[in-house]
Amino acid sequence: MARVKTFIRPMEGWWRKNPFFVRYMIREGSSVFLAIYAVILLVGLLRLTQGEAAYDAWRVAVASPLSLLFHWLALLTVGYHAYTWWKVSPKTAPDIFIAGRPIPELVISGGGWLATIGASILIYIIVRWM
Amino acid sequence: MADTQTIEIEVLRYNPEKDHEPHFETFKVPFTHDTSVLQGLQYIKDHLDGSLTFRWSCRMAICGSCGKMVNGKPELSCHTFLRDYYPGKVRIEPLNHFPVVRDLVIDQSDFFDKKLPSIKPYVVPKEEKPVSAGTYMQTPAQFQQYYKYSQCINCLLCYAACPQYGLKPEFTGPAALALLHRYNADSRDRGWEERAEVLNAEEGVWGCTLVGYCSEVCPKQVDPARAINQNKVNSTMDYFGVRKLLMPKGGD
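Residues numbered from 1 in each chain as written. Chains lettered and ligands numbered in written order. Predicted model: local features only at pLDDT ≥ 70, side-chain atom pairs only at ≥ 80, totals over all residues.

1. Side note on the overall build of chain A
Item 1. Helix and strand counts for chain A stand at four helices and two strands.
Item 2. Each helix and strand of chain A, ordered N terminal to C terminal, gives the series α-α-α-β-β-α.
Item 3. In chain A, which comprises 130 residues, the proportion classed as buried is 5%. (Helix = DSSP H or I, 4+ residues; strand = E, 2+ residues; numbered from the N terminus. Buried ≥ 20, exposed ≤ 12 C-beta atoms within 10 Å, placed from the backbone.)

What follows is the structure, given as C-alpha coordinates:
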(Lines give C-alpha, C1' and ligand atoms only; values in the text may rest on other atoms or scores of the structure.)
Protein backbone atom coordinates (compact mmCIF):
# COMPACT_ATOMS: atom_id res chain seq x y z
CA MET A 1 0.00 0.00 0.00
CA ALA A 2 1.30 3.43 -0.92
CA ARG A 3 2.24 5.44 2.15
CA VAL A 4 0.21 8.57 2.66
CA LYS A 5 0.31 11.19 5.37
CA THR A 6 -1.98 10.14 8.20
CA PHE A 7 -3.03 11.66 11.49
CA ILE A 8 -2.61 9.59 14.66
CA ARG A 9 -4.96 10.70 17.41
CA PRO A 10 -3.54 10.90 20.96
CA MET A 11 -4.65 8.41 23.64
CA GLU A 12 -4.42 10.96 26.46
CA GLY A 13 -7.34 10.70 28.90
CA TRP A 14 -8.79 7.70 27.03
CA TRP A 15 -10.43 6.12 30.07
CA ARG A 16 -12.35 9.24 31.03
CA LYS A 17 -14.11 9.38 27.66
CA ASN A 18 -16.30 6.29 28.10
CA PRO A 19 -18.20 5.12 31.22
CA PHE A 20 -17.27 1.53 30.31
CA PHE A 21 -13.58 2.40 30.67
CA VAL A 22 -14.20 4.33 33.92
CA ARG A 23 -15.75 1.17 35.40
CA TYR A 24 -12.79 -0.84 34.11
CA MET A 25 -10.32 1.50 35.81
CA ILE A 26 -12.28 1.29 39.11
CA ARG A 27 -12.27 -2.50 38.77
CA GLU A 28 -8.50 -2.59 38.28
CA GLY A 29 -7.85 0.13 40.87
CA SER A 30 -9.89 -1.68 43.52
CA SER A 31 -7.26 -4.42 43.61
CA VAL A 32 -4.85 -1.92 45.20
CA PHE A 33 -7.08 -1.85 48.31
CA LEU A 34 -7.08 -5.65 48.33
CA ALA A 35 -3.27 -5.70 48.19
CA ILE A 36 -2.93 -3.17 51.05
CA TYR A 37 -5.44 -5.16 53.12
CA ALA A 38 -3.46 -8.36 52.51
CA VAL A 39 -0.23 -6.66 53.64
CA ILE A 40 -1.93 -5.43 56.86
CA LEU A 41 -3.16 -8.97 57.52
CA LEU A 42 0.30 -10.45 56.89
CA VAL A 43 1.85 -7.92 59.26
CA GLY A 44 -0.67 -9.10 61.85
CA LEU A 45 0.50 -12.67 61.30
CA LEU A 46 4.12 -11.56 61.70
CA ARG A 47 3.26 -9.72 64.95
CA LEU A 48 1.52 -12.87 66.24
CA THR A 49 4.76 -14.83 65.87
CA GLN A 50 6.53 -12.14 67.90
CA GLY A 51 4.45 -12.72 71.02
CA GLU A 52 1.36 -11.49 72.81
CA ALA A 53 2.48 -7.89 73.39
CA ALA A 54 3.36 -7.36 69.73
CA TYR A 55 0.05 -8.86 68.58
CA ASP A 56 -1.97 -6.71 71.02
CA ALA A 57 -0.20 -3.60 69.76
CA TRP A 58 -1.14 -4.54 66.19
CA ARG A 59 -4.75 -5.03 67.25
CA VAL A 60 -4.82 -1.60 68.84
CA ALA A 61 -3.37 -0.12 65.65
CA VAL A 62 -5.98 -1.72 63.36
CA ALA A 63 -8.77 -0.51 65.66
CA SER A 64 -7.80 3.15 65.19
CA PRO A 65 -10.42 5.33 63.42
CA LEU A 66 -8.16 5.83 60.38
CA SER A 67 -7.64 2.09 60.10
CA LEU A 68 -11.37 1.42 60.46
CA LEU A 69 -12.07 3.95 57.71
CA PHE A 70 -9.59 2.17 55.46
CA HIS A 71 -11.12 -1.23 56.23
CA TRP A 72 -14.63 -0.06 55.39
CA LEU A 73 -13.33 1.48 52.17
CA ALA A 74 -11.43 -1.73 51.39
CA LEU A 75 -14.55 -3.82 52.04
CA LEU A 76 -16.53 -1.66 49.64
CA THR A 77 -13.94 -1.72 46.85
CA VAL A 78 -13.16 -5.42 47.30
CA GLY A 79 -16.91 -6.10 47.16
CA TYR A 80 -17.04 -4.28 43.83
CA HIS A 81 -13.94 -6.15 42.69
CA ALA A 82 -15.56 -9.49 43.56
CA TYR A 83 -18.70 -8.47 41.67
CA THR A 84 -16.76 -7.52 38.52
CA TRP A 85 -14.40 -10.50 38.86
CA TRP A 86 -17.29 -12.93 38.49
CA LYS A 87 -18.96 -10.72 35.91
CA VAL A 88 -16.01 -11.14 33.52
CA SER A 89 -15.28 -14.74 34.54
CA PRO A 90 -17.38 -16.27 31.69
CA LYS A 91 -14.91 -14.70 29.25
CA THR A 92 -12.20 -16.97 30.63
CA ALA A 93 -14.31 -20.15 30.37
CA PRO A 94 -14.01 -22.65 27.52
CA ASP A 95 -17.07 -22.99 25.27
CA ILE A 96 -19.09 -25.80 26.79
CA PHE A 97 -22.43 -26.80 25.33
CA ILE A 98 -25.16 -28.72 27.13
CA ALA A 99 -27.70 -30.36 24.82
CA GLY A 100 -26.44 -28.15 21.99
CA ARG A 101 -26.84 -24.91 23.94
CA PRO A 102 -24.03 -22.79 25.40
CA ILE A 103 -24.04 -22.34 29.18
CA PRO A 104 -25.47 -18.82 29.73
CA GLU A 105 -22.92 -16.32 31.02
CA LEU A 106 -25.27 -15.44 33.85
CA VAL A 107 -25.09 -19.02 35.17
CA ILE A 108 -21.29 -18.80 35.43
CA SER A 109 -21.30 -15.31 36.96
CA GLY A 110 -24.28 -16.08 39.21
CA GLY A 111 -22.64 -19.26 40.49
CA GLY A 112 -19.58 -17.23 41.42
CA TRP A 113 -21.58 -14.53 43.16
CA LEU A 114 -23.55 -17.10 45.18
CA ALA A 115 -20.34 -18.95 46.11
CA THR A 116 -18.71 -15.67 47.24
CA ILE A 117 -21.71 -14.66 49.34
CA GLY A 118 -21.95 -18.18 50.82
CA ALA A 119 -18.25 -18.33 51.67
CA SER A 120 -18.37 -14.84 53.22
CA ILE A 121 -21.32 -15.77 55.44
CA LEU A 122 -19.61 -19.02 56.47
CA ILE A 123 -16.36 -17.24 57.37
CA TYR A 124 -18.29 -14.59 59.30
CA ILE A 125 -20.08 -17.28 61.31
CA ILE A 126 -16.83 -19.12 62.05
CA VAL A 127 -14.97 -15.96 63.09
CA ARG A 128 -17.87 -14.54 65.10
CA TRP A 129 -19.18 -17.54 66.99
CA MET A 130 -16.76 -20.44 66.79
CA MET B 1 -42.53 13.94 3.77
CA ALA B 2 -44.54 14.90 6.81
CA ASP B 3 -42.46 13.00 9.34
CA THR B 4 -39.12 14.48 8.22
CA GLN B 5 -37.09 16.11 10.98
CA THR B 6 -33.67 17.76 10.99
CA ILE B 7 -30.69 16.64 13.06
CA GLU B 8 -27.22 18.12 13.43
CA ILE B 9 -24.38 15.83 12.46
CA GLU B 10 -20.87 16.77 13.55
CA VAL B 11 -18.30 15.11 11.36
CA LEU B 12 -14.56 14.90 11.86
CA ARG B 13 -12.81 16.42 8.85
CA TYR B 14 -9.17 15.91 7.95
CA ASN B 15 -7.53 16.73 4.66
CA PRO B 16 -3.92 15.48 4.74
CA GLU B 17 -2.91 17.95 2.03
CA LYS B 18 -4.11 21.01 3.93
CA ASP B 19 -4.75 20.26 7.62
CA HIS B 20 -2.24 19.90 10.44
CA GLU B 21 -4.89 18.23 12.58
CA PRO B 22 -8.54 17.21 12.26
CA HIS B 23 -11.45 19.51 13.13
CA PHE B 24 -15.22 19.10 13.34
CA GLU B 25 -17.75 20.39 10.83
CA THR B 26 -21.49 20.47 11.52
CA PHE B 27 -24.19 19.70 8.95
CA LYS B 28 -27.96 19.91 9.23
CA VAL B 29 -29.43 16.71 7.84
CA PRO B 30 -33.09 15.78 7.27
CA PHE B 31 -34.05 12.32 8.44
CA THR B 32 -37.05 10.06 8.88
CA HIS B 33 -37.70 7.09 11.15
CA ASP B 34 -35.64 4.71 9.03
CA THR B 35 -32.64 6.90 8.14
CA SER B 36 -29.38 5.26 9.20
CA VAL B 37 -26.31 7.22 10.26
CA LEU B 38 -24.69 6.02 7.02
CA GLN B 39 -27.57 7.48 5.00
CA GLY B 40 -27.08 10.72 6.92
CA LEU B 41 -23.46 10.80 5.74
CA GLN B 42 -24.55 9.98 2.20
CA TYR B 43 -26.98 12.90 2.32
CA ILE B 44 -24.11 15.21 3.29
CA LYS B 45 -21.96 13.88 0.45
CA ASP B 46 -24.77 14.11 -2.15
CA HIS B 47 -26.27 17.47 -1.15
CA LEU B 48 -24.00 19.48 1.14
CA ASP B 49 -20.31 18.66 0.63
CA GLY B 50 -19.17 16.20 -2.02
CA SER B 51 -15.66 16.10 -0.59
CA LEU B 52 -16.71 14.24 2.58
CA THR B 53 -14.86 10.93 2.49
CA PHE B 54 -15.96 7.69 4.17
CA ARG B 55 -16.09 3.95 3.51
CA TRP B 56 -19.24 1.95 3.00
CA SER B 57 -20.56 -0.84 0.84
CA CYS B 58 -23.41 -3.22 1.62
CA ARG B 59 -25.72 -1.07 3.84
CA MET B 60 -26.86 -4.22 5.66
CA ALA B 61 -24.31 -4.95 8.38
CA ILE B 62 -22.41 -7.73 6.67
CA CYS B 63 -19.54 -6.19 4.67
CA GLY B 64 -17.91 -4.52 7.66
CA SER B 65 -16.83 -1.38 5.75
CA CYS B 66 -18.80 1.43 7.37
CA GLY B 67 -17.58 1.31 10.99
CA LYS B 68 -17.35 4.75 12.62
CA MET B 69 -17.29 6.21 16.10
CA VAL B 70 -20.88 7.39 16.67
CA ASN B 71 -21.06 9.60 19.76
CA GLY B 72 -17.89 7.95 21.02
CA LYS B 73 -18.98 4.36 20.50
CA PRO B 74 -17.75 2.08 17.71
CA GLU B 75 -20.73 1.25 15.49
CA LEU B 76 -21.54 0.08 11.98
CA SER B 77 -23.04 3.31 10.66
CA CYS B 78 -25.56 1.36 8.53
CA HIS B 79 -26.72 -0.41 11.68
CA THR B 80 -27.30 2.75 13.72
CA PHE B 81 -30.22 5.11 13.29
CA LEU B 82 -30.40 8.90 13.50
CA ARG B 83 -33.76 8.73 15.31
CA ASP B 84 -32.01 7.27 18.36
CA TYR B 85 -29.84 10.39 18.77
CA TYR B 86 -32.51 13.04 18.08
CA PRO B 87 -33.01 15.71 19.46
CA GLY B 88 -29.32 15.58 20.42
CA LYS B 89 -26.45 15.89 17.97
CA VAL B 90 -24.62 13.01 16.38
CA ARG B 91 -20.84 13.19 16.43
CA ILE B 92 -19.16 10.97 13.86
CA GLU B 93 -15.44 10.21 13.95
CA PRO B 94 -13.22 7.65 12.25
CA LEU B 95 -12.73 4.42 14.22
CA ASN B 96 -10.49 5.07 17.21
CA HIS B 97 -6.89 3.87 17.49
CA PHE B 98 -6.26 3.81 13.73
CA PRO B 99 -4.38 6.48 11.76
CA VAL B 100 -6.76 8.84 9.93
CA VAL B 101 -6.16 8.92 6.18
CA ARG B 102 -8.83 11.48 5.33
CA ASP B 103 -12.09 12.53 7.05
CA LEU B 104 -13.68 9.29 8.29
CA VAL B 105 -11.33 6.94 6.45
CA ILE B 106 -8.78 5.04 8.55
CA ASP B 107 -5.65 3.20 7.52
CA GLN B 108 -6.60 -0.47 7.99
CA SER B 109 -3.31 -1.88 6.74
CA ASP B 110 -2.01 -2.78 10.21
CA PHE B 111 -4.86 -5.28 10.53
CA PHE B 112 -5.16 -6.55 6.95
CA ASP B 113 -1.46 -6.60 6.04
CA LYS B 114 0.10 -7.59 9.37
CA LYS B 115 -2.20 -8.85 12.15
CA LEU B 116 -4.62 -10.95 10.11
CA PRO B 117 -2.04 -12.84 7.97
CA SER B 118 0.08 -13.48 11.09
CA ILE B 119 -2.54 -15.83 12.61
CA LYS B 120 -2.81 -18.00 9.45
CA PRO B 121 -6.56 -17.45 8.96
CA TYR B 122 -7.25 -20.71 7.14
CA VAL B 123 -7.55 -24.39 8.04
CA VAL B 124 -4.13 -25.98 8.34
CA PRO B 125 -4.86 -29.71 7.93
CA LYS B 126 -2.77 -32.48 9.49
CA GLU B 127 -1.85 -33.61 5.99
CA GLU B 128 -2.93 -32.41 2.57
CA LYS B 129 -5.51 -34.70 0.95
CA PRO B 130 -6.18 -34.80 -2.78
CA VAL B 131 -9.63 -33.55 -3.81
CA SER B 132 -10.46 -37.12 -4.88
CA ALA B 133 -10.20 -38.22 -1.23
CA GLY B 134 -13.44 -36.36 -0.56
CA THR B 135 -14.52 -33.79 1.98
CA TYR B 136 -13.48 -33.36 5.59
CA MET B 137 -16.26 -34.54 7.86
CA GLN B 138 -17.41 -32.62 10.90
CA THR B 139 -20.17 -33.24 13.44
CA PRO B 140 -22.59 -30.47 14.50
CA ALA B 141 -20.94 -30.48 17.95
CA GLN B 142 -17.50 -29.91 16.37
CA PHE B 143 -18.96 -27.16 14.17
CA GLN B 144 -20.45 -25.46 17.24
CA GLN B 145 -17.01 -25.12 18.87
CA TYR B 146 -15.88 -22.46 16.39
CA TYR B 147 -19.08 -21.22 14.68
CA LYS B 148 -19.46 -18.09 16.84
CA TYR B 149 -15.86 -17.02 16.17
CA SER B 150 -16.22 -17.59 12.42
CA GLN B 151 -18.85 -14.82 12.22
CA CYS B 152 -16.22 -12.05 12.23
CA ILE B 153 -16.64 -9.59 9.34
CA ASN B 154 -13.33 -7.74 9.92
CA CYS B 155 -15.14 -4.47 10.61
CA LEU B 156 -12.51 -3.47 13.22
CA LEU B 157 -15.05 -2.10 15.73
CA CYS B 158 -13.32 -4.28 18.35
CA TYR B 159 -9.95 -2.62 17.69
CA ALA B 160 -11.60 0.78 18.08
CA ALA B 161 -13.03 -0.50 21.39
CA CYS B 162 -9.71 -1.84 22.68
CA PRO B 163 -7.64 0.66 24.69
CA GLN B 164 -4.77 -1.83 24.81
CA TYR B 165 -4.53 -1.67 21.01
CA GLY B 166 -4.63 2.13 21.17
CA LEU B 167 -1.86 2.23 23.77
CA LYS B 168 0.24 -0.59 22.29
CA PRO B 169 -0.41 -0.94 18.53
CA GLU B 170 1.83 -4.05 18.46
CA PHE B 171 -0.95 -5.98 20.32
CA THR B 172 -2.33 -8.57 17.88
CA GLY B 173 -5.80 -7.45 18.95
CA PRO B 174 -9.35 -8.81 19.36
CA ALA B 175 -10.46 -9.81 15.85
CA ALA B 176 -7.18 -11.44 14.81
CA LEU B 177 -6.96 -13.40 18.08
CA ALA B 178 -10.64 -14.40 17.84
CA LEU B 179 -9.97 -15.71 14.32
CA LEU B 180 -6.84 -17.45 15.57
CA HIS B 181 -9.07 -19.28 18.05
CA ARG B 182 -11.68 -19.91 15.34
CA TYR B 183 -9.14 -22.00 13.38
CA ASN B 184 -7.53 -23.63 16.43
CA ALA B 185 -11.00 -24.68 17.63
CA ASP B 186 -11.87 -26.27 14.27
CA SER B 187 -11.73 -30.08 14.33
CA ARG B 188 -10.25 -30.13 10.79
CA ASP B 189 -7.37 -27.90 11.81
CA ARG B 190 -3.98 -28.97 13.15
CA GLY B 191 -2.30 -25.56 13.04
CA TRP B 192 -1.94 -24.99 16.80
CA GLU B 193 1.86 -25.16 16.77
CA GLU B 194 2.12 -22.84 13.78
CA ARG B 195 0.00 -20.20 15.51
CA ALA B 196 1.49 -20.74 18.99
CA GLU B 197 4.19 -18.07 18.67
CA VAL B 198 1.61 -15.36 17.93
CA LEU B 199 -0.82 -16.62 20.58
CA ASN B 200 1.72 -17.06 23.42
CA ALA B 201 3.48 -13.73 22.84
CA GLU B 202 3.32 -10.71 25.11
CA GLU B 203 1.56 -9.05 22.13
CA GLY B 204 -0.70 -12.12 21.80
CA VAL B 205 -3.33 -13.17 24.34
CA TRP B 206 -1.21 -11.73 27.19
CA GLY B 207 -1.56 -8.24 25.74
CA CYS B 208 -5.24 -8.36 26.75
CA THR B 209 -6.29 -7.07 30.17
CA LEU B 210 -9.94 -8.10 29.76
CA VAL B 211 -11.43 -4.66 29.42
CA GLY B 212 -14.18 -6.56 27.61
CA TYR B 213 -15.48 -3.68 25.49
CA CYS B 214 -14.62 -5.55 22.25
CA SER B 215 -17.30 -8.15 22.93
CA GLU B 216 -19.71 -5.39 23.89
CA VAL B 217 -19.44 -3.55 20.54
CA CYS B 218 -19.13 -6.55 18.18
CA PRO B 219 -22.06 -6.37 15.72
CA LYS B 220 -21.84 -10.11 15.09
CA GLN B 221 -21.61 -11.35 18.71
CA VAL B 222 -18.24 -12.93 18.03
CA ASP B 223 -17.10 -12.36 21.63
CA PRO B 224 -13.38 -11.77 21.04
CA ALA B 225 -12.77 -11.29 24.78
CA ARG B 226 -13.82 -14.87 25.38
CA ALA B 227 -11.74 -16.23 22.51
CA ILE B 228 -8.68 -14.46 23.89
CA ASN B 229 -9.11 -15.12 27.59
CA GLN B 230 -9.88 -18.82 27.38
CA ASN B 231 -6.62 -19.11 25.46
CA LYS B 232 -4.66 -17.69 28.37
CA VAL B 233 -5.32 -21.08 29.95
CA ASN B 234 -4.16 -22.90 26.78
CA SER B 235 -1.10 -20.66 26.58
CA THR B 236 -0.22 -21.45 30.21
CA MET B 237 -0.65 -25.19 29.59
CA ASP B 238 1.58 -24.85 26.54
CA TYR B 239 4.21 -23.06 28.65
CA PHE B 240 4.29 -25.93 31.16
CA GLY B 241 4.26 -28.50 28.38
CA VAL B 242 0.96 -30.14 29.39
CA ARG B 243 -1.25 -28.83 26.58
CA LYS B 244 -0.82 -31.95 24.46
CA LEU B 245 -2.12 -34.10 27.33
CA LEU B 246 -5.19 -31.98 28.03
CA MET B 247 -6.33 -30.65 24.65
CA PRO B 248 -9.43 -32.25 23.12
CA LYS B 249 -7.68 -32.88 19.80
CA GLY B 250 -4.67 -34.45 21.55
CA GLY B 251 -2.82 -31.26 20.74
CA ASP B 252 -1.41 -32.31 17.40
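Still more to cover.
2. Overview of the overall build of chain B
Item 1. Broken down by element type, chain B carries ten helices and seven strands.
Item 2. For the C-alpha atoms alone, the extent of chain B along its principal axes is close to 65 × 40 × 30 Å.
Item 3. Looking at chain B residue by residue over its 252 residues, the buried ones come to 41%.
Item 4. The long-range share in chain B, meaning contacts at least 24 apart out of those at least 6 apart in sequence, stands at 65%. (Contact = placed C-beta atoms within 7 Å.)

3. Here we look at the interface of chain A and chain B
How big an interface is tends to be stated in terms of the accessible area lost upon association of its parts.
Item 1. Across the contact, 22 residues belong to chain A and 27 residues belong to chain B.
Item 2. Looking at the side of chain A that touches chain B, the element that brings in the most residues is helix α1 (residues 19-49) of chain A, giving three residues.

4. Some details on the packing of helix α7 (residues 192-200) of chain B against helix α9 (residues 224-239) of chain B
The description of two packed helices rests on the angle between their axes and on the distance between the axes.
All names here are of chain B.
Item 1. α9 packs onto α7 with a crossing angle of 110 degrees between their chain directions and a minimal axis gap of 11 Å. It follows that α7 is roughly perpendicular to α9 by the angle criterion. Contacts between α7 and α9 pair Ala196, Leu199 and Asn200 from the former with Asn231, Ser235 and Asp238 from the latter.
Item 2. Of the residues in the contact of α7 with α9, the class split is two nonpolar, three polar and one charged. (Axes fitted to C-alpha atoms, helices over the stretch in contact; angles between N-to-C directions. Parallel < 35°, antiparallel > 145°, perpendicular 65-115°, else oblique. Nonpolar A, V, L, I, M, F, W, Y, C, P; charged D, E, K, R; others polar.)

5. A short note on the nonpolar core
Residue and element names in this part refer to chain B.
Item 1. In terms of nonpolar packing, the biggest core is built from 63 residues, with Ile92, Leu156, Cys158 and Leu179 touching the most fellow members.
Item 2. At seven residues, helix α6 (residues 174-184) tops the list of elements feeding residues into this core.
Item 3. Residues in contact with Leu156, not counting those within four places in the same chain, are Gly67, Leu95, Gln108, Phe111 and Ala175. (Core = buried A, V, L, I, M, F, W, Y, C linked by C-beta atoms within 7 Å.)

6. Considerations on the pairing of strand β3 (residues 67-70) of chain B
All names here are of chain B.
Item 1. Side chains of β3 alternate between two faces, with Gly67 and Met69 and Lys68 and Val70 buried alike.
Item 2. Strand direction decides the pairing type here: β3 and strand β4 (residues 73-76), joined by four bridges, are antiparallel. Note on β4: the bridge partner recorded for Lys68 is Glu75.
Item 3. Note that β3 and strand β5 (residues 90-93) share two bridges and pair antiparallel. Bridge pairing in β5 places Met69 opposite Glu93. (Pairing = 2+ DSSP bridges.)

7. Section: the domain arrangement of chain B
Residues and elements named next belong to chain B.
Item 1. The domain boundaries assigned to chain B delineate domain 1 (5-106) and domain 2 (109-246).
Item 2. For domain 1 and domain 2, the distance between their C-alpha centres works out to 30 Å.
Item 3. Counting from both sides, the interface comprises 13 residues of domain 1 and, opposite them, twelve residues of domain 2.
Item 4. The element best represented in the side of domain 1 that touches domain 2 is β4, accounting for three residues.
Item 5. For the side of domain 1 that touches domain 2, the residue count by class is seven nonpolar, five polar and one charged. (Domains from an automatic or database assignment.)

8. Describing the sheet that holds β4(B)
Residues and elements named next belong to chain B.
Item 1. The five strands are arranged β2-β1-β5-β3-β4 in an open sheet whose pairing can be described as mixed. Of all the strands in the sheet, just β2 (23-31) and β4 have a single pairing partner and so form its edges. Within this sheet the neighbouring strands show an average axis-to-axis angle of 35 degrees, counted without direction.
Item 2. Running at roughly 100 degrees to β2, helix α1 (residues 37-48) makes contact with β1 (5-13), β2, β3 and β5 of the sheet.

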